[in-house]
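# Structural overview for review
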Amino acid sequence: MLITGPTGSGKTSTLYTILSMLNSEGINIITLEDPVEYYVNGINQSQINPEVGYTFASGLRSILRQDPNIIMLGEIRDQESTELVIHASLTGHMVLSTLHTNDSMGAVPRLIDMGAQPFLLASTMNMVLAQRLARRICDKCKMAVDTPEDVIEKLRDDIKSIPEAYIKNIDLKKIVFYKGKGCSHCGGSGYKGRVALAEVIQFTEKLQELVVTGYNLGEVQLELKKQNFITLRQDGIVKALLGLTALEEVFRVSQM
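Let me begin by describing the structure that accompanies this report. (Residues numbered from 1 in each chain as written. Predicted model: local features only at pLDDT ≥ 70, side-chain atom pairs only at ≥ 80, totals over all residues. Heavy atoms only, no water.)

Moving on: the packing of helix 2 (residues 56–64) against helix 3 (residues 79–90). Running from amino to carboxyl end, helix 2 crosses helix 3 at an angle of 20°, the nearest separation of the two axes being 9 Å. Accordingly, the angle class assigned to the pair helix 2 and helix 3 is roughly parallel. Crossing hand, helix 2 versus helix 3: left-handed. Only Glu80, Ser81, Leu84, Val85 and Ala88 of helix 3 make contact with helix 2, whose side of the interface consists of Ala57, Leu60, Arg61 and Leu64. For the contact of helix 2 with helix 3, the residue count by class is 6 nonpolar, 1 polar and 2 charged. (Axes fitted to C-alpha atoms, helices over the stretch in contact; angles between N-to-C directions. Helix = DSSP H or I, 4+ residues; strand = E, 2+ residues; numbered from the N terminus. Parallel < 35°, antiparallel > 145°, perpendicular 65-115°, else oblique. Left-handed = near helix turned anticlockwise from the far one by under 90°. Contact = heavy atoms within 4.5 Å. Nonpolar A, V, L, I, M, F, W, Y, C, P; charged D, E, K, R; others polar.)

Here you go:
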């Protein structure tokens with residue numbers, strides 16, 4: 001499982017949330033990070049130190065000798081770590097890591113570019129999640145705003161392509177967006193906290209076949225429609241319609 005996104009998009013926090021959910025007695029979880037950002041009881045965590053030759057690649061080799069059930073690698077950075085991660089997955093280990101790509105669809109081409117063999121990649125990929133963090137509108141001073149009609153018209157195509165499951169509780173006859181007016185609770189900013197925008201690809205048998213045969217983007221998009229896939233931008237629009245974040249935030253964080 002891979003999480004993609006730029007620095008500061010919450011990748012590590014999401015990884016640790018998943019590890020905390022998986023952490024139980026009898027499960028051997030080992031992490032290899034640079035640096036260790038959270039400390040969790042029951043998880044064996046280690047930090048790389050290139051000065052003494054302890055890199056992601058050499059550390060991963062050492063980890064595999066300790067019979068882990070779950071491995072968390074801070075980041076896939078080069079061809080060597082890519083190959084080791086794939087081979088670890090092939091031998092039955094659950095591997096979680098991060099990758100620097102703009103979106104979830106870019107993960108496969110990026111890994112192939114780093115030397116991954118498509119037929120091995122197809123056998124090991126389970127899920128790719130791309131995420132961004134947007135500022136959450138302050139609940140104490142949230143208010144509806146007048147959005148220019150030309151902006152709403154530009155968004156209608158995005159909204160029409162969002163699967164019904166995500167917008168069934170939203171009244172689209174009158175599209176309304178929100179912002180924070182600014183108050184003492186949020187320090188006058190209009191925002192309090194963060195909300196995650198995400199897009200998720202699950203690698204079904206069909207998608208695995210497409211990885212082997214060249215990962216044609218047109219065919220991939222057709223398959224993703226069957227998964228009710230939505231893009232980061234569409235997820236942001238849904239959350240803006242629900243009043244969780246402002247439309248300006250969606251545009252800011254979803255720019256590719």
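So, about the sheet that holds strand 3 (residues 44–47). Pairing in this open sheet of 7 strands is mixed, and the strands run 3-2-4-5-1-6-9 from one edge to the other. Only two strands of the sheet have a single neighbouring strand rather than two, namely strand 3 and strand 9 (191–202). Within the sheet, the average angular offset between the axes of one strand and its neighbour, ignoring direction, is 20°. For strand 2 (residues 29–33) and strand 4 (residues 70–73), the ladder comprises 4 bridges, and the chain directions are parallel. Bridging from a neighbouring strand, isoleucine 29 pairs with isoleucine 70 of strand 4. Sitting on the sheet, helix 2 is in contact with strand 2 and strand 4, with an inclination near 170° to strand 2. (Pairing = 2+ DSSP bridges.)

Taking every second residue as pointing to the same face, both faces of strand 4 are buried, with Ile70 and Met72 on one and Ile71 and Leu73 on the other. Sheet topology note: the strand 4/strand 5 (residues 94–99) ladder contains 4 bridges and is parallel. Each residue of the ladder has a partner; that of isoleucine 70, found in strand 5, is methionine 94. Note on the crossover from strand 4 through helix 3 to strand 5: the handedness is right-handed. (Buried < 20%, exposed > 50% of the residue type's maximum accessible area, 1.4 Å probe, protein only. Right-handed = clockwise from strand over helix to strand, strands pointing away.)

On to helix 9 (residues 217–225). An α-helix turns once per 3.6 residues; consequently, residues spaced three or four apart project the same way. Buried residues of helix 9: Val220, Glu223 and Leu224, and no others. Angularly, the buried residues of helix 9 cover 100° about the axis, an arc narrow enough to put them on a single face. Those residues of helix 9 that are exposed and aimed more than 90 degrees away from the buried face are Leu222 and Lys225. Packed against the buried residues of helix 9 are strand 9 and helix 8 (205–212). Where helix 9 starts, the residue carrying a side-chain oxygen 3.0 Å from the main-chain nitrogen of glycine 218 turns out to be asparagine 216. (Arc of directions from axis to C-beta. Polar contact = N/O pair within 3.5 Å; in protein donor to acceptor, adjacent residues only side chain to side chain.)

With that out of the way, let us pick up the side chain of threonine 98. Within the element layout of this structure, threonine 98 appears in strand 5. Residue classification places threonine 98 among the buried residues on the basis of a relative accessible area of 3%. Among the polar contacts listed, one links the side chain of threonine 98 to the backbone oxygen of glycine 74, at a separation of 2.5 Å.

The next thing to look at is the packing of aromatic side chains. Taken as a whole, this structure holds 1 aromatic pair when the rule is applied. It is arginine 135 that lies over the ring of tyrosine 191; its NZ or CZ is 4.1 Å from the centre. If you follow lysine 142 out to its NZ or CZ, it ends over the ring of tyrosine 178, 5.5 Å from the centre. (Phe/Tyr/Trp six-rings, centres within 6.5 Å; stacked < 30°, edge-to-face > 60°. Lys NZ or Arg CZ within 6 Å of the ring centre and 35° of its normal.)

Side chains of a nonpolar character, in soluble globular proteins, are inclined to be buried together. Among the nonpolar cores identified, the biggest contains 37 residues, and Ile76, Leu111, Leu121, Met125, Ile201 and Phe203 are the most heavily contacted of them. Dropping the residues within four chain positions of it, leucine 111 is found in contact with Leu2, Ile76, Thr82, Leu99, Ala116, Leu121 and Met125. Core analysis: the second largest hydrophobic core is formed by 15 residues, Leu155, Ile175, Ile237 and Val250 among them. (Core = buried A, V, L, I, M, F, W, Y, C linked by side-chain atoms within 4.5 Å.)

This next bit is on helix 1 (residues 11–22). Here helix 1 spans 17 Å end to end across 12 residues, near enough to the 16 Å set by a 1.5 Å rise per residue. By the burial criterion, the buried members of helix 1 are Lys11, Leu15, Tyr16, Ile18 and Leu19. End-on view of helix 1: buried residues confined to an arc of 160°, all on one side of the axis. Of the surrounding elements, those touching the buried residues of helix 1 are strand 1 (2–4), strand 2, strand 3, strand 4, strand 5 and strand 6 (127–137). (Expected span 1.5 Å × (residues − 1).)

Below, the discussion takes up the environment of glycine 74. Within the element layout of this structure, glycine 74 appears in the loop between strand 4 and helix 3. Since its relative accessible area comes to 23%, glycine 74 is described here as partly exposed. It is 8.7 Å that separates the C-alpha atoms of glycine 74 and valine 36, two residues lying 38 residues apart in sequence.

A few words now on unusual backbone geometry. Across the junction of aspartate 34 and proline 35, the peptide omega takes the value -5°, indicating a cis bond. Topologically, proline 35 is positioned in the loop between strand 2 and strand 3. Phi is positive for asparagine 228, close to 60°, though the residue is something other than glycine. Locating asparagine 228 in the fold gives a position in the loop between helix 9 and helix 10 (232–241).

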